Amino acid sequence: MKISWNWLRDYLALDGSPEKIGEILTDTGLEVEGIEKVQAVEGGLEGLVVGKVLTAEQHPNADRLRVTTVDVGADEPLNIVCGAPNVAAGQKVIVATVGTMLYPTKGDPFKIKKGKIRGEVSMGMICAEDEIGLGEEHDGIMVLPETSTVGHAVKEVLDIQEDYVIEIGLTPNRSDATSHIGVAKDLAAALKINHDYKESTKLPDISGFTVQNNDLPIVVEVRNTTACPRYTGVSIKGVKVGPSPEWMQERLKVIGVRPINNIVDITNYVLHETGQPLHAFDADKIAGGKVIVENLPEGSKFTTLDEVERELHPEDLMICDGEDKGMCIAGVFGGIHSGVTEETSDIFLESAVFDAIITRKTSTRHLLRTDAATRFEKGVDPAMTIYALKRAALLMQELAGGTIASEVIDIYPNPITRKEVEVKYSNINRLIGVTIPKEEVHAILEALEIEVLSSEGDDFRVAVGTNRADVYREADIIEEVLRIYGFNKVPIPSQLNASLSYRQKPENLAMQHKMANFLAAKGFNEMMGTSITNSAYYKEEEQEQLVWLLNSLNANLDVMRKNMLFSGLEVIKHNINHKNHHLRLFEFGKTYSYYTKEETKYYEEQQHLTLFFTGAQIKENWQREAQPFNFFDLKDAVTKVLSRLGINSYQVKDLATNTNGLAYGLTYSQGKKNTLASFGAVAPAVRKQFGIKQDVFYADINWDAILKLLRKKKVTYQAIPKYPSSRRDLALLLDRSVPFADVAKIATQVAKHILQSVNLFDIFEDENKIGKDKKSYAVSFTFQDPRKTLTDKEIDKTMKKLMHLYKEKIGAEIR
């Protein structure tokens, strides 16, 4: 949030520098992120001095030029060639001496240099107003009053004001500090307690507000008092729309607000002054002379000021006319047909309180982040609505003419009262860590406009104003006392106490680093997908299990991710769009889900490791064609990850078709419910959602299950075998439905103690040669006994038993 230094001083008499005040604001919790000096005129008229024209004679070589001598307070007058028709001896003028940088109204800045113009030496420049950025006039030079002192800086003569922009990093809870007056009140409290400041914040006087007639009555009906707890308004007749005065335009520019016209600028000015958003309607465009605050049916169309037609949500609160036609999205953005134009003469001015949550949802739903919406979603002070309304009405009378042409409308069916909080002095001292006298506690609260209602013994009771929506507990009151008392006044203890903590083995972060290094060595790149994603990615039956964001910043980022597939595909899409088609990625992250069990709501958060393959693992070159990634590359990677973690025993099962966004794949598990990993090819329909045409392979490793398994696993070692291994190959003709897992399972059961590995090294399918729905597996078996050398007789016996079981159990034909 931006605060103008000069503007702030309208409410507080400040003697210190902006930097010093910035330190005080930071100490109170309004962290100042930067202070920038700004100038009303670019360049600040630096280097420009008052000069007196001593002589002005015709240039000998040019009809339209004059050769002048100008006294600028130096030892010798300057010779300056000037082309202005109005230059004359005796004038007080603005002189840019050699080396001065000029910032014209139009065009680029330039530096004044010594030179010759048509043979005559020129040691500077006598300036017109457009040449120094003061206006558009270029018919002649600027002539200063006779009272101007020769040699004085022009910026002092013209009283060009400098200002400073104080950038405050406002936390979401500080709704009271979203304005210049709010910051001034907080600053005044700190100055009173810690710097012997005696004055209070001076607010602009509104006692001059009077209703002059009732010629423009507007009827207001609030049909949704939950979304609009308070609505006030007043009519102003006979205004003249035009530019704002220079002082108001400069103040708005300093804080980054673009001036539009006097009516709109006044509403913006009062918003940044008081924190209360206002809206001015063209009264002639309010059909039926009636304003209705209501919700329109879902799907209703409304065109906003930016000329965008928007489809309304049933929760969007609207300001409508007497014909139920929308004029404004309440608290967010105005409509194109009801705003103030140059032809407007009658105004209906609105000052209201809109529900913070509803405004926030509407603002993010339509991607409209306006100054008004940011105030309402933090929570505006309902006690400020009338003050801001009258303040703006008086400014409109002063700067745009017109008369107050109606009574003030104030619809406030359920007034919001001050919150009363019980506090203990002992808790203040205990939590802050220093004893603060009761009198000082009371003084701090009084400076913050928090009234102490009663005090007895260790207890006291306070009433918190409606401007502090975030202060409603004892801890909040203690925090208020501390930030004004001063964090820096709390002594740092000389003794540091610590306790030993036990970290469960294996340590999660250490295991992640270990695995990240392993994968990086295998050619993977680590990615970080966003944990917030789009609910539209999930099927309708999955919506109930999603964790929804209460106040999403973006309509397309509204839920926490239930899986890590979609966020990974977003990363892949981004890379492919940037011509990076060949990717090998991994990510450590979390998923979030919600479910109900026995009428109890549960939120579940799980850790995962995911792998992604897409594109080619070997790019094309002059020796070979590109070799794309396939399912078996992914299977190999998952197997190696588990092996690196010491997990070599698990059940392998086929993944049901189109499960979890995968067209096909496998799962590795230990037991029925303990799935370690699931992996496969991303379904084409899912890839199409992201506009990805090339194949993508995805593995989801349940990191929580891995850590749980590793805690039970003991570290073992095995000696390097002394005796040689022996390999046998077997060709099996099988039904297509028989998985390789069945082949491996039978082999393990038969030769558990001597079988080292079973490997499928070839698959052959040909309907003409081996029959329909048949396949041929080429399988290798590696045998090894750690105690002795196996004989051919022993291995042949095992192989015969295997062939018999393959025929009997899975209907294999030995080829």
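Residues numbered from 1 in each chain as written. Predicted model: local features only at pLDDT ≥ 70, side-chain atom pairs only at ≥ 80, totals over all residues. Heavy atoms only, no water.

Broken down by element type, the protein chain carries 20 helices and 44 strands. Radius of gyration (C-alpha) of the protein chain: 39 Å, far over the 28 Å computed for a compact globule of 815 residues. Projecting the C-alpha coordinates of the protein chain onto the three principal axes gives extents of approximately 125 × 85 × 70 Å. Among the 815 residues that make up the protein chain, the fraction classed as buried is 47%. Pairs at least 24 residues apart make up 70% of the contacts formed inside the protein chain by residues separated by at least 6 positions. Here the protein chain displays about 42900 Å² of accessible surface, and carbon together with sulfur accounts for 48% of that area. When the 98 positive and 114 negative side-chain charges of the protein chain are each reduced to one mean point, those points stand 14 Å apart. (Helix = DSSP H or I, 4+ residues; strand = E, 2+ residues; numbered from the N terminus. Rg over C-alpha atoms; globule rule 2.2 N^0.38 Å. Buried < 20%, exposed > 50% of the residue type's maximum accessible area, 1.4 Å probe, protein only. Contact = heavy atoms within 4.5 Å. Areas by Shrake-Rupley, 256 points an atom, 1.4 Å probe, with all protein chains shown as cover. Lys, Arg positive; Asp, Glu negative; His and termini not counted. Charge placed at Lys NZ, Arg CZ, Asp CG, Glu CD.)

Right, let's get into the side chain of Gln-276. Looking at where Gln-276 falls in the secondary structure, it is placed in the loop between α6 (262–274) and β16 (278–282). Within the structure, the side chain of Gln-276 is placed 2.8 Å from the backbone oxygen of Ala-352, a separation counted as a polar contact. Once you skip the residues sitting within four places of it in the chain, Gln-276 turns out to touch Val-270, Leu-271, Ser-351, Ala-352, Phe-376, Val-380, Asp-381, Met-384, Thr-385 and Ala-388. (Polar contact = N/O pair within 3.5 Å; in protein donor to acceptor, adjacent residues only side chain to side chain.)

Another point: the pairing of strand β38 (residues 662–669). In terms of burial, β38 is largely enclosed, as 7 of its 8 residues are buried. Looking at chain direction, β38 and strand β39 (residues 675–682) are connected through 7 bridges and run antiparallel. For Gly-665, the partnering residue across the bridge sits in β39 and is Gly-680. The hairpin formed by β38 and β39 contains 5 residues between the paired strands, and Gly-671 there has a positive phi angle of roughly 90 degrees. (Pairing = 2+ DSSP bridges.)

A few words on the packing of aromatic side chains. For the structure shown, the criterion picks out 22 aromatic pairs. Summarising the aromatic geometry, the rings of Tyr-650 and Tyr-668 are spaced 4.4 Å apart at their centres and angled 20 degrees between planes, so their arrangement reads as stacked. Note that Tyr-650 is positioned in the loop between α15 (631–644) and β37 (651–654) and Tyr-668 in strand β38, a separation of 18 residues in sequence. Tyr-650 gets classed as buried once you look at its relative accessible area, which sits at 18%. Since its relative accessible area comes to 2%, Tyr-668 is described here as buried. Counting every residue linked through ring pairs, the aromatic cluster contains Phe-631, Phe-632, Tyr-650, Tyr-664, Tyr-668 and Phe-679. (Phe/Tyr/Trp six-rings, centres within 6.5 Å; stacked < 30°, edge-to-face > 60°.)

Turning our attention to the pattern of salt bridges. One pass over the structure, following the stated rule, counts 43 salt bridges. With its nearest N and O atoms 3.2 Å apart, the salt bridge here joins Arg-174 to Asp-186. Pair noted here: Arg-174 is in the loop between β13 (162–168) and α4 (180–194) and Asp-186 is in helix α4, with a separation of 12 residues, a long-range link. We note that Arg-174, like Asp-186, is buried. One connected set of salt bridges, linked through shared partners, spans Arg-174, Asp-176, Asp-186, Arg-468, Asp-470, Glu-480 and Arg-483. (Salt bridge = Lys/Arg side-chain N within 4 Å of Asp/Glu carboxyl O.)

Residues Leu-25, Leu-187, Ile-263, Ile-347 and Leu-349 are the most contacted members of the largest nonpolar core, which totals 56 residues. Ranked by residue count, the leading element in this core is helix α9 (residues 385–400), at 9 residues. When sequence neighbours within four positions are dropped, the list of residues in contact with Leu-349 reads Thr-232, Gly-233, Val-234, Thr-267, Leu-278, His-279, Ala-280, Leu-389, Ala-392, Ala-393 and Met-396. (Core = buried A, V, L, I, M, F, W, Y, C linked by side-chain atoms within 4.5 Å.)

With respect to topology, 3 strands assemble into an open sheet ordered β1-β13-β2, the strand pairing being antiparallel. The open sheet is flanked by β1 (2–4) and β2 (32–39), the only strands paired with a single partner. Geometrically, the sheet is characterised by an average inter-axis angle of 25 degrees between neighbouring strands, direction not taken into account. Relative to β13, β1 is paired through 3 bridges, and the arrangement is antiparallel. Bridge pairing links Ser-4 to Val-165 in β13. The sheet contacts of helix α2 (residues 18–27) involve β2 and β13, and relative to β2 the element is tilted by about 155 degrees. (Axes fitted to C-alpha atoms, helices over the stretch in contact; angles between N-to-C directions.)

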